[in-house]
Amino acid sequence: MKSEKISQLGEFGLIGQIARLTKTRPDILKGIGDDTAVIASKGNDVLLLTTDMLAEGVHFTKNMGGRAIGHKALACNISDIAAMGGAPLAAVVSIGAPPATKISFIKDLYRGMESLARRFHFSIVGGDTIANKNIVINAALLGRAQKSEIVYRSGAKKGDMIFVTAPLGRSLQTKKHLTFTPRLAESQYLLKHFRPTAMIDISDGLAGDLGHILKASKAGAVIYEKLIFKTPRATTQNALYDGEDFELLFTLHPAQGRKLILSKNLPYKFYYIGDILHKNDRLTMIDTKGNRRAIETKSFAHF
Ligand code: ADP
Ligand code: MG
């Protein structure tokens with residue numbers, strides 16, 4: 001429909017239409033539809049590519065401080081690379097800013113980004129700079145992974161156990177969205193010792209992002225309210241539907257899941273929250289009273 005507006009289609013409807021207009025080369029192993037694109041390279045190496053955009057007045061206000069905003073701009077990309085099972089290599093960062101913007105703000109932005117780049121061993125290698133009415137920041141991050149270790153959203157199988165890193169909920173209120181550590185170390189630990197069947201980073205809320213895994217994997221799931229580890233003062237609703245947790249959600253074959261639960265002295269915390277079911281079971285939650293209820297897999301809506 002020619003007259004249709006973005007607000008009618010929604011973010012994911014729009015992305016679906018964009019996907020239909022694009023053609024992927026045969027060496028693109030995954031285009032639109034996962035946490036990053038996956039591009040074949042030499043031998044067992046693959047390249048990962050992802051991008052995120054932040055706009056003043058939508059995702060941040062200047063008073064949050066340049067460093068924190070810079071941190072967020074790159075940390076959400078690292079989180080997406082971690083969710084595929086890769087590690088970051090290089091970033092290009094583009095900024096738009098009004099001419100009256102203080103240089104100290106822009107420098108702080110880059111200090112925040114550079115500090116993450118050093119911590120996670122990648123480099124900022126370029127970008128673009130334009131004048132704009134509001135401040136916008138777009139970061140694209142290139143990563144690398146072993147082809148045999150890539151974890152797509154689509155691999156969850158009936159019986160698999162669902163795990164998350166935590167805590168979940170109230171990221172905006174607690175400022176976690178500006179300060180979070182992307183779960184790269186957790187992802188690398190998992191890949192070294194386990195074989196996740198599906199993985200995603202929780203950026204749109206537990207329900208929405210588990211929903212993405214279920215859709216891609218053609219599966220259903222049950223989660224257990226009492227097992228969901230929440231941020232202080234967060235409700236189950238917060239954990240299910242708040243955005244920007246940037247925790248990892250992954251699934252493991254039950255034998256592997258039991259091994260993870262029984263592992264002693266793990267360097268990281270992984271919380272078992274539910275099980276993958278048949279597609280017809282959709283998504284349900286057993287609440288703290290033992291009642292089963294349907295969970296809507298809606299996400300944080302940008303439009
Ligand atoms: P994430 O939350 O992991 O960053 P998104 O929900 O933003 O992922 O995006 C879902 C998928 O849609 C990704 O594969 C992303 O690359 C793709 N996508 C989002 N916006 C666009 C766009 N404007 N053009 C092409 N692909 C897009
Ligand atoms: Mg993601």
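For the structure itself, look to the data block above.
All of the points below concern the structure found in this document. (Residues numbered from 1 in each chain as written. Chains lettered and ligands numbered in written order. Predicted model: local features only at pLDDT ≥ 70, side-chain atom pairs only at ≥ 80, totals over all residues. Heavy atoms only, no water.)

**Structural notes on the coordination of the magnesium ion (ligand 2)**
How we decide: Note on donors: an N, O or S atom is included if it sits within 2.8 Å of the metal, or within 3.2 Å for Na, K and Ca, and water is never included, so sites can look incomplete. Only DSSP runs of H or I reaching four residues or more are called helices, and only runs of E reaching two or more are called strands; each is numbered from the N terminus. For the exposure calls, accessible area comes from a 1.4 Å probe over protein chains only, and a residue counts as buried if that area is under 20% of its type's maximum, exposed if over 50%, partly exposed in between.
Surrounding the magnesium ion (ligand 2) are the protein donor atoms D35 (OD), D80 (OD) and D201 (OD), at 1.9 to 2.1 Å. Each donor residue of the magnesium ion (ligand 2) belongs to the same chain, and together they define the spacing D-x44-D-x120-D. Here D35, found in the loop between β1 (28-30) and β2 (37-40), pairs with D80, found in helix α2 (residues 66-84); they are 45 residues apart in sequence, far enough to count as distant. When sorted by exposure, D35 lands in the same class as D80, which is buried.

**Some thoughts on the sheet that holds strand β3 (residues 45-55)**
As a reminder, the rule being used: Pairing between strands is defined by DSSP: at least two bridges between the two strands are required. Under this scheme, a helix contributes an axis fitted over its contacting stretch, all axes are lines through C-alpha atoms, and angles between N-to-C directions fall in the 0 to 180 degree range. In this description, contact between two residues means that some pair of their heavy atoms is separated by no more than 4.5 Å.
The strand order across the open sheet built from six strands is β1-β2-β3-β6-β4-β5, with neighbouring strands paired in mixed fashion. Every interior strand has two partners, whereas the edge strands, β1 and β5 (123-131), have only one. Across this sheet, the average inter-strand angle for adjacent strands is 20 degrees, counted without regard to direction. By the bridge criterion, eight bridges tie strand β4 (residues 87-97) to β5 in an arrangement that is parallel. Within the sheet, the bridge partner assigned to V92 lies in β5 and is G126. Across the sheet, α2 touches β2, β3, β4, β5 and β6 (136-146), and the angle it forms with β3 is around 145 degrees.

**Some thoughts on α2**
The test is simple: Helices are assigned an expected span. That span is 1.5 Å times one less than the residue count.
The end-to-end C-alpha distance of α2, which contains 19 residues, comes to 28 Å, matching closely the 27 Å that a straight helix rising 1.5 Å per residue would cover. For α2, the tally of buried residues reaches 18 of 19 residues, placing the bulk of the element in the interior. Looking one or two residues beyond α2, the residue adopting positive phi is G85, at roughly 90 degrees.

**Describing the site of ligand 1**
Heads up, the rule is: Here a residue is considered near a molecule or strand provided that any single heavy atom belonging to it is located within 4 Å of it. Whenever a nitrogen or oxygen atom comes within 3.5 Å of another N or O atom, the pair is scored as a polar contact, on the condition that within protein one atom can donate a hydrogen and the other can accept it, and that pairs from neighbouring residues in sequence are kept only if both atoms are in side chains. A 1.4 Å probe and the Shrake-Rupley method give the accessible areas. Residues count as covered only by the protein chains that appear here.
Close to ligand 1 lie E11, F12, I15, I18, I32, G33, D34, D35, D80, R153, D201 and S203, which account for all nearby residues. Within the backbone of D34, one N or O atom sits 3.0 Å away from an oxygen atom of ligand 1. The separation between an oxygen atom of ligand 1 and a polar side-chain atom of R153 is 3.3 Å. Across the complex, the protein chains shield 64% of the 560 Å² of accessible surface that ligand 1 would expose by itself.

**Some points on the sheet that holds strand β12 (residues 283-286)**
Spatial strand order, β8-β10-β7-β11-β9-β12-β13: seven strands in an open sheet with mixed pairing. If you trace the sheet from one side to the other, it starts and ends with β8 (198-202) and β13 (292-294), each paired once. Across the sheet, the axes of successive neighbouring strands diverge by a mean angle of 25 degrees, strand direction being ignored. Strands in contact with helix α9 (residues 254-262) are β7 (161-164), β10 (247-252) and β11 (271-277); relative to β7, the strand with the most contacts, it is inclined by about 40 degrees.

**What about the pattern of salt bridges?**
Put simply, the test is: Here, a salt bridge means any Lys or Arg side-chain nitrogen found within 4 Å of an Asp or Glu carboxyl oxygen.
As enumerated under the stated definition, the model contains 10 salt bridges in all. As a salt-bridge pair, K176 and E247 come within 2.7 Å of each other at their nearest N and O atoms. Here K176, found in helix α5 (residues 176-179), pairs with E247, found in strand β10; they are 71 residues apart in sequence, far enough to count as distant. Each of the two residues, K176 as well as E247, counts as buried.

**Digging into the packing of aromatic side chains**
What counts, and what does not: Under the pairing criterion, centres of Phe, Tyr and Trp rings, with the six-membered ring standing for Trp, must be within 6.5 Å; the plane angle then separates stacked pairs below 30 degrees from edge-to-face pairs above 60, leaving the rest tilted. When the NZ atom of lysine or the CZ atom of arginine is within 6 Å of a ring's centre and also within 35 degrees of its normal, the charge is said to sit over that ring.
Inspection of the entire model under this criterion finds eight aromatic pairs. Note on F163 and Y272: the rings are 5.8 Å apart at their centroids and 55 degrees apart in plane angle, and the pair reads as tilted. In this pair, F163 is assigned in strand β7 and Y272 in strand β11, connecting sequence segments 109 residues apart. Under the relative-accessibility criterion, Y272 is labelled partly exposed at 23%. Lying over the aromatic face of F194, K259 brings its terminal NZ or CZ to 4.7 Å of the ring centre. The cationic tip of K298 hangs over the ring face of Y241; the distance from NZ or CZ to the ring centre is 4.8 Å.

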